[in-house]
Amino acid sequence: MSPTSVFFLLILGSMVDTKTSSEKESLLYPYGPHQGDKTNPKHDDGTSEEITLSAPFTFYGKSYQTAFVNNNGVISFDEPVRQYTPDPFPLADGHPFVAPYWGDVDNVLGGDIFYRQTTDPALLADISQDITQYFPKSPFTATWALVATWDHVAYYGSTSQKGNTFQAVLTSDSKMFYIILNYWDIQWTTGAASDGDAETGLGGTPAHAGFNSGDDTNFYNIPGSQTDAIINITTTSNVKVPGRWVFRVDDFQVTGVDPAKLNNDCWL
Ligand SMILES: *[C@@H]1O[C@H](CO)[C@@H](O)[C@H](O)[C@H]1NC(C)=O
């Protein structure tokens, strides 16, 4: 091979790398103070203020006007959730919530929890395009979204620098209601008060991801929840995008979950 072809192969290689990393970046929708996000107070087991939803959100057939973005990886309706060790679903205590990654986050030790409601046309166009691609039978034009992001959050009792970064997006066109869960970087599963190891953030009762309607029959657990394998949620998906899980939640539908097609190394 001539030196010139080697040179062009090197150039090509670096272009491919650049493309891969920029595609990876796009898993999380934009977030942070420069996007107008609010930041949760630094309190272990804390929550946001009560958020009055500028568009009511329908979850498992019921419409909600308020929500909380809870530090411990949960977005709840009507009431906050401060519990730090996850319980298996269903929790039939009337508390409806989505758990992007329910575990013992400690934002005093590290990281931040951000959220905003938005009608930003550029962001809504991106969200609409993504959902329409995953659910082509029901074209979707978002008119509202709540974007909540856990940015490099530490675990309770941590003696390491580990942090988890993930995001939950609630969105609607006022008729259809969807939740997008984005897992970007998951480094720990368990806080020290949930029998996790203080140095590794592993073991004990690992984090739980899923949906709890508040009754005893309607719920969904993302595969791997409360097992060590939840650390690999960045590699799994129900929409063929590693690290992304998307559900229609007004009349809750499980779509695209075929355990046989999940990466067996991750879950079995
Ligand atoms: C996570 O995935 C990696 C790579 O497939 C695998 O080696 C590892 O065993 C998985 N971890 C768990 C806890 O399942």
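Whatever comes next refers back to the structure up there.
As a starting point, this report considers the structure included with it.

What counts and how
- Residues numbered from 1 in each chain as written.
- Predicted model: local features only at pLDDT ≥ 70, side-chain atom pairs only at ≥ 80, totals over all residues.
- Heavy atoms only, no water.
- Helix = DSSP H or I, 4+ residues; strand = E, 2+ residues; numbered from the N terminus.
- Buried < 20%, exposed > 50% of the residue type's maximum accessible area, 1.4 Å probe, protein only.
- Contact = heavy atoms within 4.5 Å.
- Areas by Shrake-Rupley, 256 points an atom, 1.4 Å probe, with all protein chains shown as cover.
- Salt bridge = Lys/Arg side-chain N within 4 Å of Asp/Glu carboxyl O.

**Focus: the overall build of the protein chain**
The helix and strand inventory of the protein chain stands at 3 helices and 13 strands. Expressed as a percentage of the 268 residues in the protein chain, the buried residues total 50%. Restricting the contact set of the protein chain to residue pairs at least 6 apart, pairs at least 24 apart contribute 65%. Of the roughly 12100 Å² of accessible surface on the protein chain, a fraction of 54% belongs to carbon and sulfur atoms.

**Observations regarding the pattern of salt bridges**
For the structure shown, the criterion picks out 5 salt bridges. The salt bridge involving Glu49 is made with Lys38; its shortest N-O contact spans 3.2 Å. Here Glu49, found in the loop between β1 (38-39) and β2 (51-59), pairs with Lys38, found in strand β1; they are 11 residues apart in sequence, far enough to count as distant. Classification of Glu49 by relative accessible area gives partly exposed; the value is 45%. With a relative accessible area of 45%, Lys38 lands in the partly exposed category. Of the charged contacts, one joins Arg248 and Asp250 as a salt bridge, the two residues approaching to 2.9 Å between their closest N and O atoms.

Everything listed is a geometric property; what it means functionally is a separate question.
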